[in-house]
Amino acid sequence: MAESRDQVLIDFQSVTGIDDFDLCTNILTQHDWNLERAVNSIMGFGPSDGGGFPPDEIGPSPAEENFDESTLNPILGQGSDRFIEGLGVHLRPPDHGASDMASGPSYSSSPLNFAGRMIHFNVEYRDKNTTVVLPDNETVGKIKEILETELGIPRAKQELKGLVKRKVDDSTLLRDLHLPRENSLYLLTPQITNPTVNKTQNQDGEGTSHGLEGDREYLLKITYRDDTKYRNFPLKFNCSKTVGDVKQSLMTLTDIPVRFQIWSGWTKEVTDQDKLFDCCLNYPTHELEMTKSEYSSTTCKPADTEEMEVDSDEEEDTGLENYSLDDDLFSQEEPKSSRRVEPLMPDGVGDDKSALEHFTREFTHRYGECHPHFYIGSLDDAIQESLVVRATDRKLLAVYLHHDSSIFSNVFCSQLLCAEGIVNYLSVHFITWAWDLTSTENSAKFLQAATRHFGSVAATQMRSYNPDQLPSLLLISRAKATNEVIDVIQGHVTLDEMMTRLIHAVEVFQGQKHADINEEKEREARERIKQEQDAAYQESLAADRKKAEAQKVEDDKRREEQERLIEEQKKVENQKKEEQQIKEAISKSIATSVPVEPPENSPGRICSLRFRVARSEIITRRFLAENTLEDLLNFLTAKGYHTEDYKVITTYPRRDISNLDKSSTLETLKLYPQETLILEER
């Protein structure tokens, strides 16, 4: 079975291109090590992950029926005959235009496009959404190519966010990213300016550029005038900000609601939705003036109560037809013991724990005791306790974002968030953490934490929230060690819709939680096996260590013996070398006493002798017949053949003459007129 699973794992990695061993093992385990179902769940064919194509888009064409399936065998192994049955989809050729891509997938009758699935991308660029549909055998660069055609933005200056949690380049295949069928991307262009240019006419009729969206900042010198004094606020705003953003900033600084602000200094009539680059402002500095409406001072309630006036038009714009704002919020009788309204989270709170304690106290005072139990602690701690725990103890994290300036805050909190059914459901299935974004300082602190935990894309989206988009309830889950915002419930929903979305989020989470529990059990089983194997390995290692120590002792003894033998051998060699040197000195000394060899045509009696050495070397020498045996032996000694090492033997009769009387002449020894002598080692 192990060999079979190893082969299945190898085939699965070959088909999907996934190198992560644990990820492949988990996917195969979820599908009972069935290669076909596991591959289909990744490729999007088949019902295992709800992906794939609609039935009317699947089915073999006549060209496919004649397609040679054996071409897939080297890739899919034994499962190729079954796996190819799910690959009947015809994708359109990759050279289709961007306009075709946006209108939806089209299909070709060519059988060469059988391996792939269509992936839908909703690309958000500023205020425009562009739909891109591509087969998964295309690259990331193809998306940029289509966006270049649709939006006119060069590929080199495009940055796509939201594909994966890691960086990819333009050559990355979409199938290698393992994307779902529906994806939301964000296009950023930090290196270029927006082509929208606002111009004003000078006296010559020429246009003067006041700003470009994305790379210009206006310095707005705003003068606030009240009855007693003037206050100046030099504020910088990006040209993509709206007039409403400027008014909201002044409301934060002066505590004057937007509806009671009177502005002057705009170059034309503007609305709160107009962006600054559309307002024909002087660049880089423009002067504005803001005053407080006299109507606010005469009709507005005192600041230490919770009541405020809303006219019929504002009430109609809220979109909350199910609630009576007059009855629920703005026409309540002032309590007998009035209390100054405290912010849910004031500035200057030292730590998150103190801030959440203050938030809970004030929230209870405003909306009563029946409210969600807010987690007291930092966002890091809330994530650790809800999501980064054992799968069996894991819960969804609900992050409630509040803003006092939103017209939906009181309705959402009193009628929805504090509803008994919502409170009970949140307490069972969620850990609820809250934060107040009313203060600029507190908002910046939250966005910093959100960037760290949820990624820059999600944090950017949260940063773009204006008070009318708040309050919001963010539902946070965790998948593959990454925190994800799976749903955002904003303040304008109804009670039924809110409960439905909470239930849906919990159902999806429970399915993932069940899979994580099984995976965790398998991981623990593998860890136990690994620990047992490690224990056995340590025992074996200890035994091997003892053997190695014993072997080391034996090797040390053997090495010492070898060193002793080598030392003795060196002594012997040195001794031989000394003896050889002595012999060479003797040979040189005796060479001076050897008689001179007589010439060949000498008139005297010449004795010709041949000396045969043991290694077949022949030495010839002439002596006079009256020369002695000592002269002959001295000659041999001078040649290096010492008498203590060699014997001088006559051939016939065989006799050793080296031991005879050295004063005997060669003629007496019967070596005249010639003789062959043999030198033998003793």
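Use the structure listed above.
Please read these numbers as outputs of a predicted model, since none were measured by experiment.

Criteria and cut-off values
Residues numbered from 1 in each chain as written. Predicted model: local features only at pLDDT ≥ 70, side-chain atom pairs only at ≥ 80, totals over all residues. Heavy atoms only, no water. Pairing = 2+ DSSP bridges. Helix = DSSP H or I, 4+ residues; strand = E, 2+ residues; numbered from the N terminus. Axes fitted to C-alpha atoms, helices over the stretch in contact; angles between N-to-C directions. Contact = heavy atoms within 4.5 Å. Salt bridge = Lys/Arg side-chain N within 4 Å of Asp/Glu carboxyl O. Buried < 20%, exposed > 50% of the residue type's maximum accessible area, 1.4 Å probe, protein only. Core = buried A, V, L, I, M, F, W, Y, C linked by side-chain atoms within 4.5 Å. Expected span 1.5 Å × (residues − 1). Parallel < 35°, antiparallel > 145°, perpendicular 65-115°, else oblique. Left-handed = near helix turned anticlockwise from the far one by under 90°. Nonpolar A, V, L, I, M, F, W, Y, C, P; charged D, E, K, R; others polar.

K.L.:
What is the right way to read the sheet that holds strand β7 (residues 217–225) from this model?
P.N.:
Backbone hydrogen bonds hold the strands of a sheet together, and the pairing may be parallel or antiparallel. The four strands are arranged β8-β7-β10-β9 in an open sheet whose pairing can be described as mixed. Among the strands making up the open sheet, the edge pair consists of β8 (230–238) and β9 (261–264). Mean inter-strand twist for the sheet, computed between neighbouring axes without regard to direction, equals 30°. Sheet contacts for helix α9 (residues 243–254): β7, β8, β9 and β10 (285–292); angle to β8, the most-contacted strand, approximately 140°.

K.L.:
Help me out: how do you make sense of the pattern of salt bridges in this one?
P.N.:
Pairing between side chains of opposite charge can happen when their charged atoms approach one another. Summed over all chains, the structure comprises 24 salt bridges. Note that D32 is salt-bridged to R37, the shortest N-O span being 3.7 Å. Its relative accessible area of 59% is what places D32 among the exposed residues. For R37, a relative accessible area of 37% puts it in the partly exposed group. Taken together, the shared-partner salt bridges in this structure form one network comprising K144, R155 and D170.

K.L.:
I tried to follow the sheet that holds strand β16 (residues 618–624) on my own but got confused; where do I start?
P.N.:
Pairing is mixed across the open sheet formed by four strands, whose spatial order is β16-β15-β18-β17. The open sheet has two free edges, formed respectively by β16 and β17 (646–650), since each of these has just one partner strand. Strand-to-strand twist across the sheet, computed as the mean angle between neighbouring axes with direction ignored, equals 30°. Against the sheet, helix α20 (residues 629–638) makes contact with β15 (606–612), β16, β17 and β18 (674–681), and its axis sits at roughly 145° relative to β16, the strand it touches most.

K.L.:
Just to check I follow, could you spell out the environment of C370 for this structure?
P.N.:
Structurally, C370 is set in the loop between α13 (352–367) and α14 (379–386). Judged by its relative accessible area of 38%, C370 falls in the partly exposed class. The sequence separation of C370 and C418 amounts to 48 residues, and the corresponding C-alpha distance is 5.8 Å. When neighbours within four sequence positions are excluded, C370 is seen to be in contact with C418, E420 and V423.

K.L.:
Looking at this structure, I do not really get the nonpolar core. What am I missing?
P.N.:
If you look at soluble globular proteins, the nonpolar side chains tend to sit buried side by side. Core analysis: the largest hydrophobic core is formed by 55 residues, its most contacted members being F363, W433, F446, M498 and L502. The element that contributes the greatest number of residues to this core is strand β11 (residues 396–402), accounting for six residues. The residues touching L502, leaving out its near neighbours within four places in the chain, are I422, Y425, L426, F430, L473, L475 and I489.

K.L.:
Looking at this structure, how should I read α9?
P.N.:
Helical geometry note: an α-helix holds 3.6 residues per turn, so side chains three or four residues apart project in the same direction. Given a rise of 1.5 Å per residue, 12 residues ought to cover 16 Å, and the 17 Å separating the end C-alpha atoms of α9 matches this to within 8%. Looking at the packing, one finds that the buried side of α9 touches β7, β8, β9 and β10.

K.L.:
Which parts of the structure should I look at to understand the pairing of β17?
P.N.:
Residues in a regular strand point their side chains to alternate faces of the sheet. Most of β17 is tucked away: four of the five residues are buried. With five bridges joining them, β17 and β18 adopt antiparallel strand pairing. Bridge pairing links I649 to I678 in β18.

K.L.:
When you look at unusual backbone geometry in this model, what are you seeing that I'm missing?
P.N.:
Backbone geometry follows two general trends: most residues other than glycine have a negative phi, and most peptide bonds adopt the trans configuration. Look at the link from Y652 to P653: it is a cis peptide, with omega at -10°. By secondary structure assignment, the location of P653 is in the loop between β17 and β18. In this structure, K670 takes a positive phi of about 60° despite not being glycine. Relative to the helices and strands, K670 is located in the loop between β17 and β18.

K.L.:
Got a minute to help me understand the packing of helix α19 (residues 495–591) against α20 in this structure?
P.N.:
Each pair of packed helices can be summarised by the angle the axes make with each other and by the distance between the axes. Running from N to C, α19 and α20 point in directions that differ by 135°, and their axes come no closer than 8 Å. In this view, α19 runs oblique relative to α20, as classed from their interaxial angle. In terms of crossing hand, the pair formed by α19 and α20 is left-handed. Contacts between α19 and α20 involve I586, S587, I590 and A591 from the first element and N634, T637 and A638 from the second. A per-class count over the contact of α19 with α20 returns four nonpolar, three polar and no charged.

K.L.:
Could you clarify how one ought to interpret the pairing of strand β1 (residues 118–125) in this entry?
P.N.:
Buried residues dominate β1, accounting for six of its eight residues. Inspection of the sheet shows β1 paired to strand β2 (residues 128–135) by eight bridges, in the antiparallel sense. In the strand pairing of β2, F121 is matched with V132.

The quantities given are spatial measurements derived from coordinates; they are silent on function.
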